[in-house]
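So you can see what is in the structure, the chains are spelled out below.
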Amino acid sequence: MEETDKITWVIKDDIGIITLDNPPENYLARPEFLPYETLKKWTSYDYLKGVIICGTGKHFSGGGKLDKLFEMIRDEENVEFLMNEGKTALNHLEGLTIPVVAAIQGICFGGGLEIALACHIRICSENALFAFPEINNGILPGLGGTVRFQELAGFPGSLKMILGGDMINAEDALELKLVDNIVPKSKLFDYTFNLLKKMTYERPLPVIHGVMQALQNARKLPRDEAMLRETRIFCELALAETERRTKNSGI
Amino acid sequence: MANVAVTESFSTLRFIIEDGIGHVILDQPPSNKMSPDFFLEFNKIIPGISGKDELKALLISGRGRHFSSGADLPGLLNEIQIQSGSDEHTNEPVVPSFMLSNYRSFLLLEDMDIPVIAAIRGVCLGSALELALFSHFRFCGEDAVFGLPETSFNLIPGIGGIRKMTALTGKAIGLEYILRGKTFDAQEALKIGIVDRILPKRQLVGIGLDFAGSIRSGFRKEKKRIYLKNYFHQ
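The structure presented is a predicted model; accordingly, all values stated were derived computationally and were not measured.

Here is what the cut-offs are and how they apply
- Throughout this document, residue positions are counted from 1 along each chain, in the order its sequence is written.
- Naming scheme: in the order in which they are written, chains are lettered from A and ligands are numbered from 1.
- With the structure being a predicted model, the display of local features is reserved for residues of pLDDT at least 70 and the display and counting of side-chain atom pairs for 80 or more, all residues being used for whole-chain, interface and lining totals.
- Side-chain calculation: all heavy atoms of the structure are included, whereas hydrogens and water are not.
- Note: two strands are recorded as paired if DSSP finds a minimum of 2 bridges between them.
- A run of DSSP states H or I qualifies as a helix once it reaches four residues; a run of E qualifies as a strand once it reaches two. Both are numbered from the N-terminal end.
- Here an angle of 0 to 180 degrees is reported between the N-to-C directions of two axes, which are lines fitted to C-alpha atoms, with helices fitted over the stretch in contact.
- Patch definition: residues with relative accessible area over 30% and no salt bridge; like charges joined within 9 Å; nonpolar side chains (Val, Leu, Ile, Met, Phe, Trp, Tyr) joined within 5 Å.
- Per-residue and other accessible areas were derived by the Shrake-Rupley procedure at a 1.4 Å probe size, with only the shown protein chains allowed to occlude residues.
- Salt bridge criterion: a side-chain nitrogen from Lys or Arg within 4 Å of a carboxyl oxygen from Asp or Glu.
- Here the term buried applies to any residue with accessible area under 20% of the maximum for its type, exposed to any over 50%, and partly exposed to those in between, with areas from a 1.4 Å probe on protein chains only.
- By the convention used here, residues are in contact when the closest approach between their heavy atoms is within 4.5 Å.
- Once two parts are joined, some of their accessible surface, as seen by a 1.4 Å probe, is lost; buried area is that loss totalled over both.
- We define a polar contact as two N or O atoms separated by no more than 3.5 Å, with the added condition that, inside protein, one atom must be a possible hydrogen donor and the other a possible acceptor, whereas residues neighbouring each other in sequence contribute only through side-chain atom pairs.
- Cavity: a set of points on a 1 Å grid over the protein atoms alone where a 1.4 Å probe fits but cannot get out. Pocket: an open set with protein on both sides within 12 Å along at least five of seven lines, its lining residues, like those of a cavity, having an atom within 4 Å of a point.
- Grid points are joined across faces, edges and corners, and a volume is the space filled by probe spheres set on the points.

**Let's talk about the sheet that holds strand β9 (residues 183-185) of chain B**
All names here are of chain B. Pairing is mixed in the open sheet, where three strands are placed in the order β6-β8-β9. Both outer strands of the open sheet, β6 (123-125) and β9, are each paired with one neighbouring strand and no more. Ignoring which end each strand starts from, the neighbouring axes of this sheet average 20 degrees apart. Direction of pairing for strand β8 (residues 145-147) relative to β9: antiparallel, over a ladder of three bridges. Bridge pairing in β9 places Val145 opposite Asp185.

Pasting the structure below:
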């Protein structure tokens, strides 16, 4: 197990588990989540088949402590630099070519919600609550949440959450497509872990990477370019498969 | 007379135009496997359809009990092997031209300004499901079986299936089904949003053609739900 700033990393059955570990509310020790270099190092093991992000105890995360943030600004720390670091870390997480799943229970606010939004899949318990409370302190989500939330939930829904500061429950979140599934809280972690195991079980890494890369391309690139790259990945895998079959038949 | 039927015959499919509605029938029963020859012929007719002004709609179905079991894997692997190579300047691997033609045909379907309807009986797997996903409407029989099993052959859906599937089902379900290579039935397909209606399989093509005829000119795929509601009254 490794730990930095009240966030832990452990690998179990080729699945990496990032735990926001600052109970009870798992507030982020750094408003920018964690240093990019740390996250990059943790996720660099080339045998990893998936990543889970969860919180210790009853909650996912209450986000960054705002008084801490304002204190840093008073001390003239370079907050813009730090927030960009956090964005780079979340972009790295989002760009991983293995599935990244958030297991969310209890509160998932502010920076916590931004972390969850950078995951590919979000599973929550019935008691989960989501909000961007930043507006109440005259600021806005600073780690890419305004962009990611809108991609999922559209413009009107984003206005209500980000400008209105609305808090929503698990049912509303499912309706908004903010979460993909609701499960009983006692089963949340096991469900999430098993989902990743089921998805990646028996699948060689190049195939997992291929599917994830194609999915990322479909989101980021113009349609025709994404199609071309998908076909290219397909052909690379097809050549490898042909080689494998030739070898096997030779023995 | 409006109802003149024009049939063009190929070795792997049939193309019929009747009452202004084009009907492509995958015609290599029993499984209507999508062989390299099928793709050659399919890629020949689709660009032609795009330019045909007299067509009001296009229906795609399979002959007999099944829509299609998808690509002929050994044939496909062989074709890719034969056509593989690197660009002489960049040294990057070149995508075989027939693979490019395949996805271009699918994109043409997606972009058609007439409704494209897939009528699915029996199995609809792999590239066949990708073909159906690029259609604007999908009707299936109670007996239909769907799946993108490519990952269980160490491949991925290679003609746009990942994008189309996840757009319809959401990333979580799409990823799960694609990575697990899971097959599923008509009810499940309806539940996860990849088919629009389950219909009695014997009437599938008939209803498909009738529905195609019900959409007046000025088709817009964004209005899909409205067309379905107007026709099925639910």
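Moving on from the model shown.
**Observations regarding a nonpolar patch on the surface**
Residue and element names in this part refer to chain A. Taken together, the side chains of Phe155, Leu159 and Leu163 make up a nonpolar region of the molecular surface, amounting to roughly 320 Å² of accessible area. As for its position among the elements, Phe155 is in helix α5 (residues 145-163). What makes Phe155 exposed here is its relative accessible area of 51%.

**Some words on the interface of chain A and chain B**
Chain A puts 35 residues into the contact, and the matching count from chain B is 40 residues. Summed over both sides, the interface between chain A and chain B buries roughly 3600 Å², with carbon and sulfur atoms accounting for 70% of that surface. A per-residue breakdown of the area chain A buries against chain B is headed by Arg223(A), Met227(A) and Phe234(A), which together make up 19% of the total. At the junction of chain A and chain B, the tally comes to three salt bridges. When the shortest N-O distance is used, the salt bridge between Glu176(B) and Lys198(A) registers 4.0 Å. The tally of links between chain A and chain B comes to nine residue pairs in polar contact (both at pLDDT 80 or more).

**Considering the pattern of salt bridges**
Counted under the stated rule, the structure contains 23 salt bridges over all chains. Notably, a salt bridge pairs Lys224(B) with Asp196(B), separated by 2.9 Å at the nearest N-O pair. Residue Lys224(B) is found in helix α9 (residues 224-232), and its partner Asp196(B) is found in the loop between α7 (186-191) and β10 (197-199); the two are separated by 28 residues along the sequence. Here the two residues Lys224(B) and Asp196(B) agree in accessibility, since each one is buried. Salt bridges here are not isolated pairs; linked through shared partners, they connect Arg223(A), Asp224(A), Glu110(B), Asp111(B), Arg163(B) and Lys164(B).

**Here's the deal with empty space enclosed by the protein**
Applying the stated criterion across every chain, the model contains one cavity of 30 Å³ or more. Its volume calculated, the largest cavity comes out at about 30 Å³. Surrounding the largest cavity, Ala214(A), Ala218(A), Ala226(A), Met227(A), Glu230(A) and Arg163(B) form its lining. Mapped by element, the contributors of at least two residues to the lining of the largest cavity are α8 (205-220) and α9 (223-250) of chain A.

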